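# Structural characterization, general
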Amino acid sequence: MSKALSLLALVAGFALCIYLAYPEQQFPNEKVDKKVSGAYQALDFFGMSRTYPDTRLPAKAHFDAWARLQKDPSNRTKNFDVAPWEALGPLNISGRTLKMVFNPQNPNTLFAGSASGGLWKSTTGGVGEAAWEYVPTGFPVLGVSAITFNPEDSMTLYIGTGEVYNYEAAGTGAAYRSTRGSYGMGILKSTDGGNSWSMSLDWSYQQNEGIWDIKISQQNPNIVYAATTKGVYKSTDAGQNWSQVLNVLMANSLIIHPDNDELVLAGCGNFQSPGFGIYKSINGGNNWVQLTSGLPPNFSGKIQLEYAPSNPETVYASIGNGFGFSDGASWICKSTDFGNQWNITGTKDYSLWQGWFAHDLAVNPLDENKLAIVGITVWKSNNSGAFLDSLTRGGVGFSNPPIGGPDAPGDQVHSDAHDVIYHPVDTNVWYVANDGGIHRTTNGGQSFQSINGGYQTVQFYNGFSNSWQDSVYSLGGLQDNGTIQWTGTPRWRRVFGGDGSWTAINQSNDQINYISYQNLNMFRSPDRSDNFDYVAPPVDNENTSFIAPFVIAPSNPNVVYAGRGRVYRSENGGVNWSATSTSNFPQVVNPILSLDVSTQSSSVVYAASAPTSLFGGSRGNVYVTQNDGASWTDVTANLPDRFPMDIRVDPTDDATAYIAFSGFGTGHVFKTTDYGQNWNDISGNLPDVPANAIEVDPLFPAHIYVGNDLGVFVSTNAGNSWEPYMEGLFDATMIFDLKISPSNRKLRAATHGNGAFQRSLIETFVNVDDLEAFSLQVYPNPVSNLLNLNFELDSSENIQGEIFDIQGKLVERLFSGQRVPGIHRLIFNLRHLSPGVYNLRLSNGEIANNQKLVIQH
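Residues numbered from 1 in each chain as written. Predicted model: local features only at pLDDT ≥ 70, side-chain atom pairs only at ≥ 80, totals over all residues. Heavy atoms only, no water.

### What about the sheet that holds strand β45 (residues 633–634)?
Basically, it comes down to this: Should DSSP find at least two bridges between two strands, the strands are regarded as paired. Labels follow the DSSP assignment, with helices taken as runs of H or I lasting at least four residues and strands as runs of E lasting at least two, numbered in each case from the N terminus.
Spatial strand order, β42-β43-β44-β45: four strands in an open sheet with antiparallel pairing. What marks the edges here is a single partner per strand, and that holds for β42 (592–597) and β45.

Following this line, the structure appears as structure tokens:
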């Protein structure tokens, strides 16, 4: 493809991503088909992979597994003599943020709740390269959806957890299921400014529920209300006890009249859940009346409520409708008598197809007619919403923003805003929480700048990749933030837009990169992701996963496999593709979700598909081919009916492979040693939470690393037992991928909510006693030419001495055969091997002794 066409393909890719974000603004003359919100697709995949085969999370789910891990002494972290995890960032690109609140007595202190990365705090109002710091709670908090301070005591605050948009009974028909984000556990409370936390509303065993708003009476701070997915709850003793006072699903927003806490308003509903609408109580929540006068009669989105600080009788409602591109609608509604009568003051569609997901408004503290309004983009109104002035455009911003911002031009704020607030002192200053972190204006909306310095909250998907040669070069795809590139500093570079998906780096030439966005739109770069050619395999009446896999064969970088409903193979780096056989592989309806290729041979491939049985299809299946895909064998056998999130082939043995499964209530890691004819559940003492990633150390193949919704676990005995490997991670960190950087022996973790981390691999066997059948002495090391190898046997053994490269590929068999008891001294000339790091292994077929070997000529 020519340079011009390459550029055209890149522009087209960005244009499609922009179109998916806000088509009417970018392509006003284009006919907009009814399509599903990209955010919905992302959250739908996230939720379904965890709830399947049910439609809701188990009530105990995530928290129960975390609690067991804390209490069981056998699960306590073992000392592996390895430094803790090191955060890699990005610190200049941030992820979805749901809520912000200022300390009422210190306008420089700002708290932020991320969608799956926990609670964060800034003491500089968000300004600076190191503006934000993570706030540990001592609980496995992921999504923080509500934050509230006691108005009389800035040391006391509450946070609400969980990101749940759609209740069990709600939905849009048979084609889609309930949508949610991260787990909830109720409400936490701190009385020391966030240094320590305790449970207030304990929903640790109702984790399919979420909290959307918390409000405290300004007359009596012991009175606290919470808007939850189960309705409105109230506490009269500062959060020690709670009772339900309004039984209407999907309560999203609350207002307590600041001068009379008997008057309360609640906005309820999403996806047309039963009873959706605005409710009012005039007696402290004892009784409620649904308000209808002047409000839209029908809508399917959520409601956000706010009152005017200068006149609390004046209240506003932001109401959204949209789910698909053709059913968008937004309403700004105003009441001047605290909700009794309403008027629709504005119908400009600012929330578009994200009416269920992303919109809000704030009232200027000094003028009840002036509004800051957010949806897909940012708006303002000086006349109660009758006319909206567009202030920003959407998109993902600069490719390589500085840490601390700005990450986009002044007229651009990342798409999909969830919260907007005024600064408590200066009404020219607003803050906007969105899918790209936090932005602010200091001039009343004339211009905006990101304030994300140190706010490590991006959400990686599976498909992270590392260079084999360069220890500081990696690629990964993000939810709604494109594909980003790491070159050794916390300032990452965005190389493509959309929902970033799988990536790959050519193992022989790391100039050659592959990236993709949703539904397997693949691109190839010859120059480290500066320029791209479109190289996706064709679509032939088959489904494709939202986040679809592709892999380069380690033994031949020209061979690439990719999964739609079938597996496709390219023998020229993605330029041309052919569908592999469908023999024993008939389910083109079930999209391929995970793939891996043998390190030894490009002919051996394992593939697994996602289940579609919720939509009338079938369960997912696992397949293997040993002949380039000319034929496949269905090896599903006794594997669980769950989402197969990751596959890893043993780097030294093609017959051995591992699969990580999501969901609950079943095993999460399975192993085969005979090409899938039989599978063994090796989950053992792993917690019962979704497993998302698995990696095998090529130098020590008995070392297996698993990433799940709590963190990282390791087995040093081929899966017989597991230990936490989490020092340096946050309270709970969702690991979506694990990949080894072979040139420096680092394990990298791509998280869904807290960016990327790395940690050294475990270099020696833990169970040393098992290896005393023979000892091994190697010198010199590093070696230039001649290698001296000494070992001692207590009994006759059939011994092999082998050298493997850093990816586990056999490069030299030194000797093999029966050896008598005693000391053996051997010398080998290694001049013909290229300089580098290798693994020298002495094995009797059951146990092995491994040593790192460095060759320097």
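And the narrative resumes.
### Here's the deal with the packing of aromatic side chains
The test is simple: The criterion for an aromatic pair is that two Phe, Tyr or Trp rings (for Trp, the six-membered ring) have centres within 6.5 Å, with stacked assigned to planes under 30 degrees apart, edge-to-face to planes over 60 apart and tilted to the rest. In this scheme, a residue with accessible area under 20% of its type's maximum is buried, one over 50% is exposed, and one in between is partly exposed, where area comes from a 1.4 Å probe on protein chains only. Either the NZ atom of lysine or the CZ atom of arginine qualifies as a charge over a ring when it sits within 6 Å of the ring centre and within 35 degrees of the ring normal.
Taken as a whole and judged by the stated rule, the model has 40 aromatic pairs. With 4.0 Å between their ring centres and 10° between their planes, Tyr 134 and Phe 730 make a pair best called stacked. Taken together, the residues Tyr 134 in strand β5 (residues 132–135) and Phe 730 in the loop between β53 (723–724) and β54 (735–741) connect sequence positions 596 residues apart. Since its relative accessible area comes to 14%, Tyr 134 is described here as buried. Against the face of Tyr 473 rests Arg 528, its NZ or CZ located 3.9 Å from the ring centre.

### With respect to the sheet that holds strand β15 (residues 264–268)
Inclusion rule: The axes used here are C-alpha line fits, helices contributing only the stretch in contact, and every angle between their N-to-C directions lies in the interval 0 to 180 degrees.
Strand order in this open sheet of four strands is β14-β15-β16-β17, and the pairing throughout is antiparallel. The open sheet is flanked by β14 (251–256) and β17 (289–291), the only strands paired with a single partner. When strand polarity is set aside, the average angle formed by the axes of neighbouring strands in this sheet is 25°. Bridge analysis of β14 against β15 gives five bridges, and the strand direction is antiparallel. Across the sheet, Ile 255 pairs through a bridge with Leu 265, a residue of β15.

### Structural notes on helix α4 (residues 61–71)
Note the cut-off: Contact between two residues is taken to exist if any of their heavy atoms lie within 4.5 Å; hydrogens are not considered.
Among the 11 residues that make up α4, eight are buried, leaving the element largely enclosed by the rest of the structure. All of the buried residues in α4 are Ala 61, His 62, Phe 63, Asp 64, Ala 65, Trp 66, Ala 67 and Leu 69. Where α4 is buried, its residues touch β9 (198–202), β52 (712–715) and β53.

### A word on the nonpolar core
This is how it is decided: Among the buried residues, those of types Ala, Val, Leu, Ile, Met, Phe, Trp, Tyr and Cys that are joined through side-chain atoms within 4.5 Å form a nonpolar core.
If you look at the biggest cluster of nonpolar residues, it comprises 61 residues, and the most contacted ones within it are Tyr 514 and Met 522. Broken down by element, the residue count for this core peaks at five residues, all from α4. Apart from the residues lying within four places of it in its own chain, the contact partners of Met 522 are Tyr 514, Ile 515, Ser 516, Asp 533, Tyr 534, Val 535, Ala 536, Pro 537, Phe 550, Ala 562 and Trp 577. Membership of the second largest hydrophobic core comes to 31 residues, among which are Ala 691, Trp 722, Ala 749 and Ile 762.

### Concerning unusual backbone geometry
Of the consecutive residues Gly 89 and Pro 90, the connecting peptide bond is found in the cis state with omega at 5°. Along the chain, Gly 405 connects to Pro 406 via a cis peptide bond; the corresponding omega equals 0°. Mapping Pro 406 onto the fold places it in the loop between β25 (389–390) and β26 (417–422). With a phi angle near 50°, Leu 352 is a residue other than glycine that sits in the positive phi range. With respect to the helices, strands and loops of the structure, Leu 352 is situated in the loop between β21 (343–346) and β22 (360–363). Phi angles above zero are rare outside glycine, and Ala 718 is one such case at about 65°.

### Observations regarding the side chain of His 423
What counts here: Whenever a nitrogen or oxygen atom comes within 3.5 Å of another N or O atom, the pair is scored as a polar contact, on the condition that within protein one atom can donate a hydrogen and the other can accept it, and that pairs from neighbouring residues in sequence are kept only if both atoms are in side chains.
The residue His 423 is located in the loop between β26 and β27 (430–434) in this model. On the basis of relative accessible area, His 423 is assigned to the buried category, the value being 14%. A distance of 3.0 Å separates a polar atom in the side chain of His 423 from the backbone nitrogen of Val 425. His 423 has contacts with Phe 102, Pro 107, Val 429 and Tyr 431, leaving out every residue within four places of it along the chain.

### Structural notes on the pairing of strand β55 (residues 746–751)
Side-chain direction in a regular strand flips from residue to residue, so the side chains alternate between the two faces of the sheet. Most of β55 sits out of view: five of its six residues are buried. Hairpin remark: β54 followed by β55, antiparallel, with four residues in the connecting loop; positive phi at Arg 745, about 55°. When β55 meets strand β56 (residues 756–760), the two strands line up antiparallel, connected through five bridges. Counterpart to Ala 749 in the pairing with β56 is Phe 757. Counted along the chain from β55 to the antiparallel partner β56, the turn is four residues long, and its residue Gly 753 has a positive phi close to 140°.

### Re the side chain of Asn 506
Within the secondary structure layout, Asn 506 lies in the loop between β34 (504–505) and β35 (513–517). Here Ser 508 takes part through its backbone nitrogen, which lies 2.8 Å from a polar atom of the side chain of Asn 506.

### Concerning the environment of Phe 448
Among the secondary structure elements, Phe 448 is positioned in the loop between β28 (437–441) and β29 (449–450). Assessed through its relative accessible area of 4%, Phe 448 is described here as buried. Apart from the residues lying within four places of it in its own chain, the contact partners of Phe 448 are Val 378, Leu 391, Thr 392, Pro 409, Gly 410, Val 413, Trp 430, Val 432, Arg 440 and Thr 441.

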